[in-house]
Amino acid sequence: MNFEIISIFPHIFDSYTNESIIKRAQDEGHIKIKSHDLRDWTEDKHRTVDDTPYGGGAGMVMKIEPLYKAVSSIKYQVLSGQDQAPHNTKYLIPNTKTVLLSAKGKNWDQKMATEYSKLDNLILICGRYEGVDERILNYVDDEISIGDYVLTGGELGALVLIDSIARLLPGVLGNDQSAVDESHSTPGKLEYPQYTRPEVFVDKNGHEHKVPEILLSGNHAKIEKWRREQMRRK
């Protein structure tokens, strides 16, 4: 699966995407992540991507022209190999979605991550400043938020989408069963408690915390039953 990120800070993703499972997934060819500098699609000498809002108000708004050019270019040159975009720029690339990360978008959840994991390509637009010119919504498929709070920009949201989708792809986790019984794999339910060595943990005040006896029994049927009982609803 290809992840194409549009941001004014394209290198902000480097440290996270070059570590751990996400790095290995790229090395093994399960996913491809590429970040694009929005300023590459500006035409003035200052590489301007924002301007003051019509109607007045605080802050700056990201301009539609460079965003539109970036989405069109990525869709038709990077993903489809075409040199020029046809007039209809929205639905010609199969199994591809374009998403604007926005505080006023619909909340991301595990169900959406599962649906998106079936895509071949995902283009992520990272908003900044006071927001993005609303007209860009004519050229995106979804407006998504990762929670009911405001972030400085959409970059963290983009990483959340990439991580939550990538781990659902075959081969990414190493053991595909890892994504089956975890929290939210069943809608509304959270994962059962997990324990590892030592069998008895003693803190500095002398308090002992033991692993539940059932997990030490070796009776896999009873362990499975216990785990199902321990899964709780949100």
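As a reminder, the structure under discussion sits directly above these lines.
S.K.: Describe in detail the overall build of the protein chain, supporting the description with residues and values.
M.R.: Check the secondary structure of the protein chain and you find six helices and eleven strands. Taking the contacts inside the protein chain whose residues are at least 6 apart along the sequence as the reference set, 69% of them involve residues at least 24 apart. By element, 49% of the accessible surface of the protein chain is carried by carbon and sulfur atoms, the whole surface being about 14,000 Å².

S.K.: Could you give an account of the packing of aromatic side chains, naming the residues involved and the relevant values?
M.R.: Summed over all chains, the structure comprises two aromatic pairs. Look at Trp108 and Tyr116: their rings are 5.1 Å apart centre to centre, the planes differ by 85°, and that puts the pair in the edge-to-face class. For Trp108, a relative accessible area of 13% corresponds to the buried category.

S.K.: Residue-level account of helix H5 (residues 155-166), with values.
M.R.: The periodicity of an α-helix, 3.6 residues per turn, causes residues three or four places apart in sequence to face the same way. Here H5 spans 16 Å end to end across twelve residues, near enough to the 16 Å set by a 1.5 Å rise per residue. Within H5, nine of the twelve residues are buried, which leaves the element mostly enclosed by the surrounding structure. Looking at H5, one finds that the buried residues are Glu155, Gly157, Ala158, Leu159, Leu161, Ile162, Ser164, Ile165 and Ala166.

S.K.: With reference to specific residues and values, describe the pairing of strand S5 (residues 96-107).
M.R.: As judged from the six bridges shared by S5 and strand S6 (residues 121-126), these two strands associate in the parallel manner. Across the sheet, residue Thr96 finds its bridge partner in S6, namely Asn121. On the question of chirality, the crossover connecting S5 to the parallel S6 by way of helix H4 (residues 110-116) is right-handed. Examined bridge by bridge, S5 and strand S7 (residues 142-145) share five bridges and lie parallel to one another. Bridge pairing in S7 places Lys106 opposite Ile144.

S.K.: A description of the pattern of salt bridges should follow, citing residues and the corresponding values.
M.R.: Across all of its chains, the model carries eleven salt bridges by this definition. Taking the shortest distance from any N to any O, the salt bridge between Arg47 and Asp40 comes out at 2.7 Å. When its relative accessible area of 32% is taken as the criterion, Arg47 is described as partly exposed. For Asp40, a relative accessible area of 51% translates into the label exposed. Where Glu229 meets Lys225, a salt bridge forms, and the shortest distance between an N and an O atom there is 2.5 Å. Taken together, the positions of Glu229 and Lys225, both in helix H6 (residues 220-230) and four residues apart, correspond to about one turn of that helix. In this structure, a network of salt bridges that share partners links the residues Lys104, Glu134 and Glu143.

S.K.: Please set out the environment of Thr48 residue by residue, giving values where relevant.
M.R.: Assignment of secondary structure puts Thr48 in the loop between strand S2 (32-37) and strand S3 (50-51). Each C-alpha atom of the pair Thr48 and Pro66 lies 8.8 Å from the other, and the pair is 18 residues apart in sequence. Among all residues touching Thr48, those that are not within four sequence positions of it are Thr42, Lys63 and Pro66. At a separation of 2.6 Å, a polar atom in the side chain of Thr48 contacts the side chain of Asp44.

S.K.: Residues and numbers for the sheet that holds S2, please.
M.R.: Paired through their backbone hydrogen bonds, the strands of a sheet run either parallel or antiparallel. Strand order in this open sheet of five strands is S2-S1-S6-S5-S7, and the pairing throughout is parallel. The open sheet has two free edges, formed respectively by S2 and S7, since each of these has just one partner strand. Averaged over neighbouring strand pairs, the angle between their axes works out to 30° when direction is ignored.

S.K.: Break down a nonpolar patch on the surface for me, with residues and values.
M.R.: Among the surface-exposed residues, Tyr149, Leu151 and Leu156 lie close enough to one another that they form a single nonpolar patch of about 290 Å² accessible area. Position of Leu151 among the secondary structure elements: in the loop between S7 and H5.

S.K.: Please set out the environment of Gly57 residue by residue, giving values where relevant.
M.R.: By secondary structure assignment, the location of Gly57 is in the loop between S3 and strand S4 (61-62). Note: C-alpha distance between Gly57 and Glu130 (73 residues apart in sequence) is 9.4 Å.

S.K.: Let's hear about unusual backbone geometry: which residues, and what values?
M.R.: The peptide bond linking Arg197 to Pro198 adopts the cis configuration, its omega dihedral lying at 10°. Of note, Pro198 is situated in the loop between strand S8 (189-190) and strand S9 (200-202). A positive phi angle, close to 55°, is found at Asn95, a residue other than glycine. Take Asn95: it is sitting in the loop between helix H3 (64-79) and S5. If you check the backbone angles, Tyr129 has positive phi at about 60° while not being a glycine. For Tyr129, the position within the fold is in the loop between S6 and S7.

Here is what the cut-offs are and how they apply
Residues numbered from 1 in each chain as written. Predicted model: local features only at pLDDT ≥ 70, side-chain atom pairs only at ≥ 80, totals over all residues. Heavy atoms only, no water. Helix = DSSP H or I, 4+ residues; strand = E, 2+ residues; numbered from the N terminus. Contact = heavy atoms within 4.5 Å. Areas by Shrake-Rupley, 256 points an atom, 1.4 Å probe, with all protein chains shown as cover. Phe/Tyr/Trp six-rings, centres within 6.5 Å; stacked < 30°, edge-to-face > 60°. Buried < 20%, exposed > 50% of the residue type's maximum accessible area, 1.4 Å probe, protein only. Expected span 1.5 Å × (residues − 1). Pairing = 2+ DSSP bridges. Right-handed = clockwise from strand over helix to strand, strands pointing away. Salt bridge = Lys/Arg side-chain N within 4 Å of Asp/Glu carboxyl O. Polar contact = N/O pair within 3.5 Å; in protein donor to acceptor, adjacent residues only side chain to side chain. Axes fitted to C-alpha atoms, helices over the stretch in contact; angles between N-to-C directions. Patch = residues over 30% accessible without salt bridge, like charges linked within 9 Å, V, L, I, M, F, W, Y side chains within 5 Å.

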